[in-house]
Amino acid sequence: MVIDIWGADHHGYMPRLWAGIQALGYDKNALKSFGATGKLLRGGVPVAMSTRSGEFVTLREVLDEVGRDAARYNFSCAVVTSHLDFDLELAKKQSSENPVYYVQYAHARICSIVRMAQERGITLPVMQISTSLF
C-alpha cells in the first residue's frame, strides 16, 4: 500500500497516478490518497510557499524546528479531511498557549507519581490500552 496526502486542489492528479501505477504492473487500489488542506504559520502569519518557484518547507525542517513531540501532537489532533493551521512559533512555546506543553507536563507529573509510589512500595494497577483502532 502507498499512502499519499494531497492538497484538496490536487485531486485531478489521481487518474494520472492510477495510470502510472497500473503501467508499472500494480493495482491502482494500492494507492490510498487523502485530501488535506492547511497552512503553515509563523507567529500567526502564513509562510509563503510555492512548489513552482521551489519555495517550500519540508517535513524534516518542521521536525527540526519544533521537535517530534510538537509535530506529532499537532498532526494527530487534526482530522485528515479538515483544515489544519500549524503555527511553528506556537508549537515551540513552553507556556499555557501551547497544548503540547500541557501534555508533556502531564506526562512528567504521571512519571513522578509512579516513581514516588514505587519508592514507597505502593503497587499501582496495570492499565490495559487498546490498540485496536491503530
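About the cut-offs
- Residues numbered from 1 in each chain as written.
- Predicted model: local features only at pLDDT ≥ 70, side-chain atom pairs only at ≥ 80, totals over all residues.
- Heavy atoms only, no water.
- Core = buried A, V, L, I, M, F, W, Y, C linked by side-chain atoms within 4.5 Å.
- Buried < 20%, exposed > 50% of the residue type's maximum accessible area, 1.4 Å probe, protein only.
- Helix = DSSP H or I, 4+ residues; strand = E, 2+ residues; numbered from the N terminus.
- pLDDT = per-residue confidence, 0-100.
- Salt bridge = Lys/Arg side-chain N within 4 Å of Asp/Glu carboxyl O.

1. Some remarks on the nonpolar core
Ranked by size, the top nonpolar core spans 9 residues in total: Leu40, Val62, Val66, Ala70, Ala71, Phe86, Leu88, Ala91 and Val100. Counting only elements with at least two residues in this core, the list comes to helix H2 (59–66), helix H3 (68–77) and helix H4 (88–92).

2. Description of the confidence of the model for the chain
Averaged over every residue, the pLDDT of the chain is 82; residues scoring 70 or more account for 83%. Of all the helices and strands in the chain, strand E1 (residues 2–7) carries the lowest mean pLDDT, 65, while H4 carries the highest, 94.

3. What about the pattern of salt bridges?
Going through the model one piece at a time under the given rule, you end up with 6 salt bridges. Residue Arg42 is joined to Glu89 by a salt bridge in which the shortest nitrogen-to-oxygen separation is 3.1 Å. Here Arg42 is found in strand E2 (residues 31–42), whereas its partner Glu89 is found in helix H4, with 47 residues between them in sequence. A relative accessible area of 36% means that Arg42 is categorised as partly exposed. Classification of Glu89 as partly exposed rests on a relative accessible area of 29%. In this structure, Glu89 and Lys92 form a salt bridge, with 3.4 Å as the shortest nitrogen-oxygen distance. One end of the pair, Glu89, and the other, Lys92, are both in helix H4, 3 residues apart, so they sit about a helical turn from each other. Looking at Lys92, the relative accessible area reads 36%, which means it is partly exposed.

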